[in-house]
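Residue-level structure breakdown
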Amino acid sequence: MLVVMEKGASEEAIVKVSKKLEERGFVVHLTRGVERTIVAGVGAPTRGTDSAIEAIGGVDRVIGIMTPYKLASREFQAEDTIIEIGDVAIGGKEIQIMAGPCAVESREQVLEIAQIVKASGAKIMRGGAFKPRTSPYDFQGLGEEGLKILKEAGEIYGLKIITEVMDPGDVERIAHYSDILQVGARSMQNFPLLRKLAKIDKPVLIKRGLSATIEEWIMAAEYVLSGGNKNVMLCERGIRTFETFTRNTLDLSAVAAVKQLTHLPVIVDPSHGTGKRKLVGPMALAGVTAGADGLIIEVHPKPSEALCDGPQSLTGEDFNELLSKIKQVANAVGREI
Ligand code: PEP
Ligand code: MN
């Protein structure tokens, strides 16, 4: 629940409200605005709490948040969350492009792609070192060696790095080598992993699970937020439907919906969302129109030789061509890249 204090309410009144909420099992988050303070009590509603709080002097009104997610909701925070990583802001006017290979294959491959990414003007490089593969016989990623290569490429080219974490035991190690930690679609409801990610100071990107509802997806973000990490972004990467022509069905209505329901930045992944190179461009543009704050796109200099997700990877040339179209669409919807 949100307890809106009266203008100029005393510190004593704020403490009283906070204590009362805590006594009743709520976790308290304070938001001090210019005029008013809002005391948010996050937890399961208990009978009589509303009236007990309303009776405290200095309280203007008590508002219940009806959704199961609280800290992620627009009611809790009306303004957009902007995640700052050095000079890169995610969730502001500028649309951020994250690009790179599905998997780190070698130092040469990563450095070649990093050069393409840097020259394109994009500021964030993607690449998986720990790969969640359906088959145990497929390439599983280079592990820590891959993380070192990514970090080196990031330092050489001045790019921020995003990479996937699957195992809760790897969180600290991956946070050491990267700027953003990616929770893959298959891990979206790995609750021990989400709890671990709540305790680091690096941003987290949460991909939507293969068959997750919008509410389940936001609840995954709520795990990280409620554990103390406020730098969370969501990524729509397609869901499983009856359609088999595309790898997944990119749910762009979910992008518009989560922008309305939450204050978190939303990223669109047209690569996994379609599985087909020719569809990546049109869906990237559609994602920007739907309100995405960023795009994550797979790029590989030789897609036919890629160890993972070649059919959906763009060449450097394709990628640069697409970026000029993204710029036009971004400008048309009042954004920039
Ligand atoms: C990836 O980004 O390479 C990946 C494995 O994505 P997802 O978790 O969306 O399948
Ligand atoms: Mn991939």
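Since the model is a prediction, treat every value here as computed from it, not as a measurement.

**Remarks on the overall build of the protein chain**
In terms of helices and strands, the protein chain carries 11 helices and 14 strands. In terms of C-alpha radius of gyration, the protein chain reaches 21 Å, essentially the compact-globule figure of 20 Å for 337 residues. Counting only C-alpha atoms, the protein chain reaches 70 × 45 × 45 Å along its principal axes. The buried share of the protein chain, reckoned over its 337 residues, is 53%. At a minimum sequence separation of 6, the contacts of the protein chain that also span at least 24 residues come to 68%. Counting every atom, the protein chain has about 14800 Å² of accessible surface; 52% of that belongs to carbon and sulfur. Charge-centre separation for the protein chain: the mean point of 41 positive side chains lies 2 Å from the mean point of 44 negative side chains.

**A closer look at the sheet that holds strand S4 (residues 59-63)**
On the basis of which strands lie adjacent, the open sheet formed by four strands has the order S2-S3-S1-S4 and antiparallel pairing. The strands lining the two open edges of the sheet, one partner per strand, are strand S2 (27-32) and S4. Recorded for the sheet is a direction-independent mean angle of 20° between the axes of neighbouring strands. Sheet topology note: the strand S1 (residues 2-5)/S4 ladder contains four bridges and is antiparallel. Opposite Val3, over in S4, you have Val62 as the bridge partner.

**Concerning the site of ligand 1**
Every one of the 13 residues lining ligand 1 counts as a neighbour, but Arg126, Lys131, Ala185, Arg186 and Arg237 are closest to it. Note that an oxygen atom of ligand 1 is positioned 2.9 Å from one of the side-chain N or O atoms of Gln182. Within the complex, the protein chains bury 97% of what would otherwise be the 300 Å² of accessible surface of ligand 1.

**Section: the side chain of Thr246**
Within the secondary structure layout, Thr246 lies in the loop between strand S12 (232-236) and helix H8 (252-261). Reaching out from Thr246, the side chain makes a polar contact with the backbone oxygen of Asn248 at a distance of 3.0 Å. Those residues in contact with Thr246, other than ones at most four positions away along the chain, are Thr274 and Leu279.

**Examining the sheet that holds strand S11 (residues 204-207)**
The parallel closed barrel is built from eight strands, whose spatial order is S7-S8-S9-S10-S11-S12-S13-S14. On average, each strand axis in the sheet is tilted by 25° relative to the strand beside it, whichever way the strands run. Both strand S10 (residues 180-183) and S11 contribute to a ladder of three bridges, which runs parallel. When the sheet's bridge partners are listed, Val183 is paired in S11 with Ile206. With respect to the sheet, helix H3 (residues 107-120) is in contact with strand S7 (96-100) and strand S8 (124-126), its orientation differing from that of S8 by roughly 145°.

**A short note on the domain arrangement of the protein chain**
Parsing the protein chain into structural domains produces domain 1 (2-63) and domain 2 (83-332). The gap between the C-alpha centroids of domain 1 and domain 2 is 38 Å.

**What about the coordination of the manganese ion (ligand 2)?**
Listed as protein donors to the manganese ion (ligand 2) are Cys102 (SG), His272 (NE2), Glu298 (OE) and Asp309 (OD); their distances from the metal cover 2.0 to 2.4 Å. The motif formed by the donor residues of the manganese ion (ligand 2), counted along the single chain, is C-x169-H-x25-E-x10-D. With a gap of 207 residues between them, Cys102 in the loop between S7 and H3 and Asp309 in the loop between strand S14 (294-298) and helix H11 (316-332) connect regions that are remote in the sequence. Here the two residues Cys102 and Asp309 agree in accessibility, since each one is buried.

**Regarding the nonpolar core**
General note: in soluble globular proteins, nonpolar side chains tend to be found buried as a group. Among the nonpolar cores identified, the biggest contains 74 residues, and Leu197, Ile206, Ile297, Phe319 and Ile326 are the most heavily contacted of them. Residue contributions to this core reach at least three from each of two domains, namely domain 1 (2-63) and domain 2 (83-332).

**Let's talk about helix H7 (residues 214-226)**
In this model H7 runs 18 Å from its N-terminal to its C-terminal C-alpha over 13 residues, within 8% of the 18 Å that 1.5 Å per residue would give. Buried residues of H7: Trp217, Ile218, Ala220, Ala221, Glu222, Val224 and Leu225, and no others. As for H7, its buried residues are in contact with helix H6 (191-197), S11, S12 and H8. Just downstream of H7, Gly228 is the residue with a positive phi angle, here 120°.

**So, the state of the cysteines**
This model, assessed by the stated rule, comprises zero disulfides. Left unpaired, Cys235 is separated from the closest cysteine sulfur, that of Cys102, by 13 Å. Taking relative accessible area as the criterion, Cys235 reaches 0% and is therefore assigned buried.

**What to know about the pattern of salt bridges**
All told, the structure shown has 20 salt bridges when counted by the stated rule. Among the ionic pairs, Glu11 bridges to Arg32, the shortest N-O distance being 3.0 Å. Placement of the pair is Glu11 in helix H1 (residues 11-23) and Arg32 in strand S2, with a sequence separation of 21 residues. Of the residues examined, Glu11 reaches a relative accessible area of 45% and is grouped as partly exposed.

**Observations regarding the environment of Thr213**
Along the chain, the position of Thr213 falls in the loop between S11 and H7. We classify Thr213 as partly exposed; its relative accessible area is 40%.

Calculation notes
Residues numbered from 1 in each chain as written. Chains lettered and ligands numbered in written order. Predicted model: local features only at pLDDT ≥ 70, side-chain atom pairs only at ≥ 80, totals over all residues. Heavy atoms only, no water. Helix = DSSP H or I, 4+ residues; strand = E, 2+ residues; numbered from the N terminus. Rg over C-alpha atoms; globule rule 2.2 N^0.38 Å. Buried < 20%, exposed > 50% of the residue type's maximum accessible area, 1.4 Å probe, protein only. Contact = heavy atoms within 4.5 Å. Areas by Shrake-Rupley, 256 points an atom, 1.4 Å probe, with all protein chains shown as cover. Lys, Arg positive; Asp, Glu negative; His and termini not counted. Charge placed at Lys NZ, Arg CZ, Asp CG, Glu CD. Pairing = 2+ DSSP bridges. Axes fitted to C-alpha atoms, helices over the stretch in contact; angles between N-to-C directions. Near = heavy atom within 4 Å. Polar contact = N/O pair within 3.5 Å; in protein donor to acceptor, adjacent residues only side chain to side chain. Domains from an automatic or database assignment. Donors = N, O, S within 2.8 Å, 3.2 Å for Na, K, Ca; no water. Core = buried A, V, L, I, M, F, W, Y, C linked by side-chain atoms within 4.5 Å. Expected span 1.5 Å × (residues − 1). Disulfide = S-S within 2.5 Å. Salt bridge = Lys/Arg side-chain N within 4 Å of Asp/Glu carboxyl O.

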